[in-house]
Amino acid sequence: MGEISFGHSATEAADLARAREGDDDAFTRLVGPLRRELHAHCYRMLGSTHDADDALQDALLRAWRGLARFDGRGSLRSWLYTVATRTCLDIIASRGKRALPTDLGPSSDQAVLDAAPLTDIAWLGPYPDQGLADGPATPEARYEQRESVELAFVAALQHLPGNQRAALLLFDVLGFSAAEIATMMGTSTTSVNSALARARKLTAQRASSPTQQQTLRKLGDAHVRKLVTGFAAALEQGDADALVALLTEDVTWSMPPLAHWYRGLEAVTDFALQVPMTRCPSWRTLPTSANGQPAVAFYVGADPAGPHLAWSITVLALRGEHIAEIVSFLGPGHFPSFALPASLP
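This report concerns the structure included in the present document. Residue positions are given per chain, counting from 1 as you read along its sequence in written order. Side-chain atom pairs in this predicted model are given and counted only at pLDDT of 80 or more, local residue features only at pLDDT of at least 70, and totals for whole chains, interfaces and linings cover all residues. As a rule here, side-chain values come from all non-hydrogen atoms in the structure, and water together with hydrogens is ignored.

Under the scheme used here, helices are H or I runs from DSSP no shorter than 4 residues and strands are E runs no shorter than 2 residues, and both carry numbers assigned from the N terminus. When helices and strands are counted, the protein chain shows 13 helices and 7 strands. Based on C-alpha atoms, the radius of gyration is set beside the globule rule, defined as 2.2 Å times the residue count to the power 0.38. Relative to a compact globule of 345 residues, whose C-alpha radius of gyration would be 20 Å, the protein chain shows 22 Å and is just as compact. In terms of its C-alpha atoms, the protein chain occupies a principal-axis envelope of roughly 65 × 45 × 40 Å. A total of 345 residues make up the protein chain; the buried ones form 52% of that total. Should any heavy atoms of two residues lie within 4.5 Å, those residues are considered in contact. Sequence-distant contacts, at least 24 apart, represent 66% of the contacts inside the protein chain between residues at least 6 apart. Total accessible area on the protein chain is roughly 15500 Å²; 53% of this is exposed by carbon and sulfur atoms. Of the charged side chains in the protein chain, 30 are positive and 37 negative, and the gap between their average positions amounts to 6 Å. Each residue is assigned to one of three classes by its accessible area relative to the maximum for its type, calculated with a 1.4 Å probe on protein chains only: buried under 20%, partly exposed between the two thresholds, exposed over 50%. Values of accessible area rely on a 1.4 Å probe in the Shrake-Rupley scheme; residue burial ignores everything except the protein chains shown. Charged residues are defined here as Lys and Arg on the positive side and Asp and Glu on the negative side; His and the ends of the chain fall outside this count. Throughout, a charge is located at the NZ atom of Lys, the CZ atom of Arg, the CG atom of Asp or the CD atom of Glu.

With 18 residues, helix H9 (residues 189-206) should cover 26 Å at 1.5 Å per step; its first-to-last C-alpha distance of 26 Å lies within 8% of that length. Contacts made by the buried residues of H9 are with helix H6 (151-157), helix H7 (162-173) and helix H8 (178-185). In a helix, the anticipated span is given by 1.5 Å times the number of residues less one.

A word on unusual backbone geometry. The omega torsion across Pro-256 and Pro-257 is 20 degrees, close enough to zero to call that bond cis. Note on placement: Pro-257 falls in the loop between strand E1 (247-254) and strand E2 (261-263). For Asp-114, which is not glycine, the phi dihedral falls at a positive 55 degrees. Assignment of secondary structure puts Asp-114 in the loop between helix H5 (76-95) and H6. Residue Asp-114 is classed as exposed on the basis of its relative accessible area of 79%.

Let's shift gears to the pairing of strand E3 (residues 282-290). Bridge count between E3 and strand E4 (residues 293-301): 9 bridges; the pairing is antiparallel. Within the sheet, the bridge partner assigned to Ser-282 lies in E4 and is Gly-301. When DSSP finds two or more bridges between a pair of strands, those strands are recorded as paired. Here E3 hands over to E4 after 2 residues, with Asn-291 in that stretch at a positive phi of 55 degrees.

Any two of the Phe, Tyr and Trp rings considered here, Trp counted by its six-membered ring, make a pair once their centres fall within 6.5 Å; the pair's planes then place it as stacked at under 30 degrees, edge-to-face at over 60, or tilted in between. In total, this model carries 12 aromatic pairs according to the counting rule given. Among the aromatic residues, those joined into a ring-pair cluster are Phe-231, Trp-253, Tyr-262, Phe-271, Trp-283, Phe-298 and Trp-311.

Attention now moves to the pattern of salt bridges. Any carboxyl oxygen of Asp or Glu that lies within 4 Å of a side-chain nitrogen of Lys or Arg is treated as forming a salt bridge with it. Tallied over the full model, the rule gives 13 salt bridges. Between Arg-62 and Asp-58 there is a salt bridge, with its nearest N and O atoms 3.4 Å apart. In this pair, Arg-62 and Asp-58 both sit in helix H4 (residues 49-65), 4 residues apart, roughly one turn of the helix. Using a relative accessible area of 29% as the deciding quantity, one classes Asp-58 as partly exposed. Residue Asp-90 is joined to Arg-62 by a salt bridge in which the shortest nitrogen-to-oxygen separation is 3.1 Å. Of this pair, Asp-90 sits in helix H5 while Arg-62 is found in helix H4, placing the two residues 28 residues apart along the sequence.

Structure follows, in structure tokens:
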């Protein structure tokens, strides 16, 4: 593969030697350029930014303690991906998969009022994609970096067993060869190719086509901004007609950790009128980006003049020139990873 080389320059070799002797500053310098991409890999594997934080911290601790096992003949990048992948597989084995409301049951035809959050479900979470590179990680990779964190793709990954998930991500997203992956996962090349074939079949059935990146490029930045600001303004102003004009006929709206979700203009409009436009006194919004997709941070206040508190990171999926899917990740706990304030004055 088009491997990114670490541990071969004089500076990197010196840092590697110091790190093996217990110099944690040298180790930090070695892994620093890879932290962001390793974190994104952990998110794809686990479907949660918080789990990715924990997994990356654990993986780097394992790498630090096991640095003597890295012989320097391969790249440090490959070795760190091995450690991170195995760490994620351990977590998957203990925690299971993450879900969206659309995975759990049929849609609701009318607004469900006063629904309680389901706390016994491991919910898929949003990913702050600032800093993700454009284009593929290597020339061999099939997915762009932003495509590989799109909600539909990450949600599809959650339906795969851990070994298939890992094989697909390491091969199609990161560009490692089947032989390299077999070594990383302690299995055979035949097993990797078999897992890869099964994983591709299932993700092709569940992931969206065209991808959001293809749709966004076709629409252009100006049109995307118009859709996002129009959506935010319609909810802020309680304008149902303006909202409906932005949506596809088969639009869906889900709000983890609430189990109920809605499909189609009639059901989505009924929910919008009954809940955010009626029962929520005042909204403020900030545009953001999540999972390589346009998103809006919503803040709710008791009245227009008072403070507004963090409410949801709402991620939009577009089709043609309209919004086809709305996923509102409820709760202020999502805001810190997006570097967004907990409240607006």
